[in-house]
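# Per-entry structural report
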Amino acid sequence: MGRGPRNTEKKDRKAQARAPGQYMTRSHAIKRLQVTLQDFRKLCILKGIFPRDPKKKLEGKNKTYYLTKDIAFLMHDPLLEKFRAKKSLRKKIRRAKGRQELDAVKRLEQNHPLMKLDHIIKERYPTFTDALRDMDDALCMVHLFARMPQTIKVPGKKTKRCARLANEFQNFVMVTHALRKVFVSVKGFYYQARIRGQPVTWLVPHHFSSQLNPDIDLRIMLTFLEFYTTLTGFVLFRLYNNLGLHYPPLFDGKLSNAGANLSALVLEQKVKEKKKTNEEDDEDDEGEKQELQRLTSEIQTGIEDNKYSQLFQGLHFFLGREVPYESLEFVIRSFGGRVSWESSIDNITEGDASVTHSVSDRPTLTHKFLNREYIQPQWIYDSVNVCALLPTHEYAPGMELPPHLSPFVDNEAVGYTPARVDQLNAILGKAGSAGLKTQLPLVVAPPLEGEEGEADKDAEEMEDAEEKKANTVSKASKPAHPKSQNGQKGAAGSPKPAQPTTTKEPAAATRSPAAGKRKATGPPTATTSTTKAPSKTTTANTAAAGKKKKGKKAKITDRPNKRPKTAEQAKAEAEDAELRAMEQQYREELAKETGTTVAPLPTVPTELRDDYDPKQYAALVLPNRKKRLFNAIQRRERSQGRKLHKLKERRKVIDAAMTKKQQQPPNNTSTKK
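Reading guide: rules and limits
Residues numbered from 1 in each chain as written. Predicted model: local features only at pLDDT ≥ 70, side-chain atom pairs only at ≥ 80, totals over all residues. Heavy atoms only, no water. Helix = DSSP H or I, 4+ residues; strand = E, 2+ residues; numbered from the N terminus. Buried < 20%, exposed > 50% of the residue type's maximum accessible area, 1.4 Å probe, protein only. Contact = heavy atoms within 4.5 Å. Areas by Shrake-Rupley, 256 points an atom, 1.4 Å probe, with all protein chains shown as cover. Pairing = 2+ DSSP bridges. Axes fitted to C-alpha atoms, helices over the stretch in contact; angles between N-to-C directions.

Helices and strands together make up the secondary structure of the protein, namely 23 helices and 13 strands. Taken across its 673 residues, the protein has 30% of its residues classed as buried. Across the protein, contacts joining residues at least 24 apart in sequence account for 60% of those joining residues at least 6 apart. Accessible area of the protein: about 46500 Å², with a carbon and sulfur share of 53%.

Right, dumping it as structure tokens:
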């Protein structure tokens, strides 16, 4: 039993002895790598190495720790040589500037060493699928810097490269029709595409003039941008090659200056031309060509069968000047539509006959064409998210738009399903989402001629069917002849036969869906007079039925629906009506005088009054209402009295001033002619 603690002590000693070798502080790592702090941060970002939080911080709690094996992994990276070369180059430039050797400074700046991150991309992403999974952050960073203004800290070369990469990726998504979800928020446009079975989500900021926050460290962001641009270039090269397209695509400056956005990139088919040296090379070339043709044919067949490529097929959209044409062009062309605007390269005007939809975000329009639909931009995004063309009357210019739902939210996981989801399901003819049993009614379009009375006909048919069903039930439940029950004994053992008027209940009443009135479907019998005063046999039967259920009271089924009003209850209702009239009169007078309204006093519902004793209701509820009404009247009289008192005091002041003015002697000074 004594060996247990000794073993644990040995393990603790081993862990303490091994702890200093597992972790290393940042200052020790910089000394070992012989680089500056800035270069060390950049190297860790590019290699994907991050700090650790050990349980026992031997050097202190205010220091940053790294794994020793990570630092050993960085020691053999080729980028260390580039960092050291840059450090020595900076020293040479500083020495040349001190000696006033300007020619040497220019020569040294031109020989600045260039860093390549190809080996890092291959190390961090061994397969192409791994690279696609990490494209979310890369695309967000690229689209962010594509919209940034050119400053000293953010060079223009980087912003132009980011804009070019963003256009190349959007062109690939348009060609393959890979876009699936769109959501417009305050931050920008959220997109999601499906590439090789992997969902890729990115954010594109709104096209506004932005100002850089001085608190942001742009050096770290530029380091991430350098890595992400390299990763995006690798991924786009592979994607374009799989489609058989030349990468990078040609950029037409004339089209860009003419107003073309995504059409400025010209996609060309890739053609391989190699010299045939021997038969083996010929066979390799033929195998590559066959594989390329097979991939292109599979992609083309997938595009043709894709339902997303035919959503806007045959539709021509003309965009107004106030709508975000860059986002709308990307979305519409990704789903097979055609887009034009005033400065587009196709030279199509607003009055062209081929235009089917005009997209405008103005409250009113001065002129409309009758051969097209006028919509707001949200119609395009909502139609894309449900992959169906929604009705356009809800998205007309000037109309209050329906809620714009996010397609990235899982209603089942959140536990809340918006009403708009049920409305969209009703439009599309689907079942309620998340297992809902009912759907909200929604009028998609006005009824056509001859369809206005269909609802009334359906209601009448339902009413007739219910009446027939109730009649059949009443016939089946009709009591037998009294003579057939003479030989039977009652439930309590009495020799008297059970009367049919009391043993069988009258047919149940059904409510008509059209008129809403209560109808008795059973035939009129003589039992209507006996329902108010049940006989002895009914009480005996109910008592016998109650004995079978232990401890449960028997229910009297022939209880009247309404109780007759007593004199006290009628008197209480009369007082209540009188109080209501007084209260309404008081509220109207107060509204005329002060321009304000008074909320009505709470009352007990009529459904609940039957369950209470009329005396108790008259003793508790009515005096309380009288007291509240009396207090309200008193408050009004007090406020009127204060106003009258103020008016009297003001009148006294005015009268005193007038008498004082009359008592003053007249001024005899002559006026000038």
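Moving on to the sheet that holds strand β11 (residues 373-375). On the basis of which strands lie adjacent, the open sheet formed by 4 strands has the order β9-β8-β10-β11 and parallel pairing. Two strands bound the open sheet, and with one partner strand each, they are β9 (338-340) and β11. Here the average twist between neighbouring strands, direction ignored, is 25°. Bridge count between strand β8 (residues 316-319) and β9: 3 bridges; the pairing is parallel. Considered in β9, the bridge of His316 is made with Arg338. The sheet contacts of helix α14 (residues 325-334) involve β8, β9 and β10 (357-359), and relative to β9 the element is tilted by about 160°.

Spatial ordering of the open sheet is given by β3-β4-β5, a layout of 3 strands whose pairing is antiparallel. Edge strands, defined here as strands with exactly one partner in the open sheet, are β3 (179-184) and β5 (198-205). For this sheet, the mean inter-axis angle between neighbouring strands, taken without regard to orientation, is 15°. Seen against the sheet, helix α15 (residues 378-386) touches β3 and β4 (188-195) and runs at an angle of roughly 140° to β3.

As a further point, take the side chain of Asp70. One can find Asp70 in helix α4 (residues 68-74). Setting aside chain neighbours within four positions, we find Asp70 in contact with Ile49 and Arg52.

Let us now look at unusual backbone geometry. In this chain, Tyr247 is followed by Pro248 through a cis amide linkage whose omega measures 0°. A positive phi is found at Gln34, a non-glycine position, where the angle reads about 60°. Along the polypeptide, Gln34 turns up in the loop between α2 (26-33) and α3 (37-47). Look at Gln34 and you get exposed, because its relative accessible area is 54%. Of note, Arg196 is a non-glycine position whose phi angle comes to about 55°, a positive value. On the secondary structure map, Arg196 appears in the loop between β4 and β5.

To continue, consider the pairing of β3. Alignment of β3 against β4, held across 5 bridges, turns out to be antiparallel. Bridged to Val184 within β4 is Phe189. Between the end of β3 and the start of β4, which pair antiparallel, lie 3 residues.

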